Amino acid sequence: MLIVTTFREKKRVQGNALNGLSELVDILIQLGIKFLHTYNKLYNITFCSLGCGDADILIIMDESGSVGTNGFTQMKTFVKDVIVGLNSPIFRFGVLTYSSNVTKIFGFSQFTRLSDILAAIDSIRYSSGGSTYTGKGLEYARTLIFNTKREDAANIVILFTDGQSTDSSATEREAALLRRQEVRIFSIGVGSGPNVEELRLIASSPSSEHVFQVSSFSALSEILRSVQNRTCEGKG
């Protein structure tokens, strides 16, 4: 599990709003890939020529009341950066939001162009929240998203939460059922609200590779590289 808690790390994420973007640019340059991202305008983007196979990646975003408008906006930015970093013609993306209820933003077959995916994420409106029914998001993923699968494609969930589930037993049960369907789950806890043990129970094993925890939504950029790399490493 990766935790951003040191004073030095906190100062770095607070000191420059462009740090996460700069780190992403550095990563892509190291991989020999051209990447331009200026004020949310994206050009000539390709990534993940790492020998990865086909993958369907579902991102489940916490929209509960404790997230707040600013936190939700920062989460959207992080989700877009993850998708940009993993963008490939053989990857498909879907997004759900959850609180007391679940909303499907888009499924795997809805968009094929990166610009359309990013625009759809930009258009998500924070609903001012509700309770944290994480289990409902996982159940929706299991019964209505991964109920049909592409042959030979890896199935991956990246789940965000900023608090403990309202119904922890349902969350644990649904996570186990989803994993039994050969869906690999990454859990990302934000702030002091999430229960670390619950994050581990949600995620695939080993938890050291599938559980992330950061101090705030503004610190999400600190785990960008690890989320991208571990997601890609999990396929193949």
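Structure first, text after, so check above.
What you see is a predicted model, and the numbers here were worked out from it, not measured in a lab.

Caption draft 1: How the structure looks around the packing of aromatic side chains. If you walk through the whole model with that rule in mind, you get four aromatic pairs. On the basis of an interplanar angle of 85° and a centroid distance of 5.8 Å, the ring pair of Phe 78 and Phe 160 is categorised as edge-to-face. Here Phe 78, found in helix α3 (residues 68-86), pairs with Phe 160, found in strand β7 (residues 154-161); they are 82 residues apart in sequence, far enough to count as distant. A relative accessible area of 4% places Phe 78 in the buried class. A relative accessible area of 1% means that Phe 160 is categorised as buried. Seen from their ring centres, Phe 106 and Phe 111 are 5.2 Å apart, and the 70° between their planes marks the pair as edge-to-face. By relative accessible area, which is 1% here, Phe 106 ends up buried. Seen from the ring of Tyr 133, Lys 136 lies directly overhead, with NZ or CZ sitting 4.5 Å from the centre.

Caption draft 2: Structural context of helix α4 (residues 114-122). Residues of α4 that are buried include every one of Leu 114, Ile 117, Leu 118, Ala 120 and Ile 121, and no others. Seen end-on, α4 carries its buried residues on one side only, within an arc spanning 160°.

Caption draft 3: Here's a closer look at the environment of Ser 169. When you line up the elements, Ser 169 lands in helix α6 (residues 168-180). Along the chain, Ser 169 and Gly 135 lie 34 residues apart, while their C-alpha atoms are 8.3 Å from each other. Side-chain polar atoms of Ser 169 contact the side chain of Asp 167, separated by 2.9 Å.

Caption draft 4: Quick look at the pairing of β7. With eight of its eight residues buried, β7 lies for the most part within the structure. Every second residue of β7 is oriented toward a common face, with Ala 154, Ile 156, Ile 158 and Phe 160 on one face and Asn 155, Val 157, Leu 159 and Thr 161 on the other, all of them buried. Of the strand pairs in this sheet, strand β4 (residues 55-62) and β7 are connected by six bridges, and their pairing is parallel. Looking at β7, one finds that Ile 60 is bridged to Leu 159. For β7 and strand β8 (residues 183-190), the ladder comprises seven bridges, and the chain directions are parallel. Residue Phe 160 lies in a different strand from β8, and its bridge partner there is Ile 188.

Caption draft 5: Representation of the packing of α3 against α4. Across the interface, α3 lies against α4 with an axial gap of 10 Å and an inter-helix angle of 170°. Comparing the axis directions of α3 and α4 gives the class roughly antiparallel. Relative to α4, α3 is oriented so that their crossing is right-handed. Contact residues: Lys 76, Val 79, Lys 80, Ile 83 and Val 84 in α3; Leu 114, Ile 117, Leu 118, Ile 121 and Asp 122 in α4. Its residues placed into classes, the contact of α3 with α4 shows seven nonpolar, no polar and three charged.

Caption draft 6: How the structure looks around the pattern of salt bridges. Applying the stated criterion to the full structure yields seven salt bridges. Asp 56 is the salt-bridge partner of Arg 92, the closest N and O atoms lying 2.9 Å from each other. Residue Arg 92 is located in strand β5 (residues 91-98), and its partner Asp 56 is located in strand β4; the two are separated by 36 residues in the primary sequence. Between Glu 197 and Arg 200 there is a salt bridge; the shortest N-O distance is 3.7 Å. Taken together, the residues Glu 197 and Arg 200, both in helix α7 (residues 196-202) and three residues apart, mark about one turn of the helix. The class of Glu 197 is partly exposed, set by a relative accessible area of 43%. By relative accessible area, which is 37% here, Arg 200 ends up partly exposed.

About the thresholds
- Residues numbered from 1 in each chain as written.
- Predicted model: local features only at pLDDT ≥ 70, side-chain atom pairs only at ≥ 80, totals over all residues.
- Heavy atoms only, no water.
- Phe/Tyr/Trp six-rings, centres within 6.5 Å; stacked < 30°, edge-to-face > 60°.
- Helix = DSSP H or I, 4+ residues; strand = E, 2+ residues; numbered from the N terminus.
- Buried < 20%, exposed > 50% of the residue type's maximum accessible area, 1.4 Å probe, protein only.
- Lys NZ or Arg CZ within 6 Å of the ring centre and 35° of its normal.
- Arc of directions from axis to C-beta.
- Polar contact = N/O pair within 3.5 Å; in protein donor to acceptor, adjacent residues only side chain to side chain.
- Pairing = 2+ DSSP bridges.
- Axes fitted to C-alpha atoms, helices over the stretch in contact; angles between N-to-C directions.
- Parallel < 35°, antiparallel > 145°, perpendicular 65-115°, else oblique.
- Left-handed = near helix turned anticlockwise from the far one by under 90°.
- Contact = heavy atoms within 4.5 Å.
- Nonpolar A, V, L, I, M, F, W, Y, C, P; charged D, E, K, R; others polar.
- Salt bridge = Lys/Arg side-chain N within 4 Å of Asp/Glu carboxyl O.

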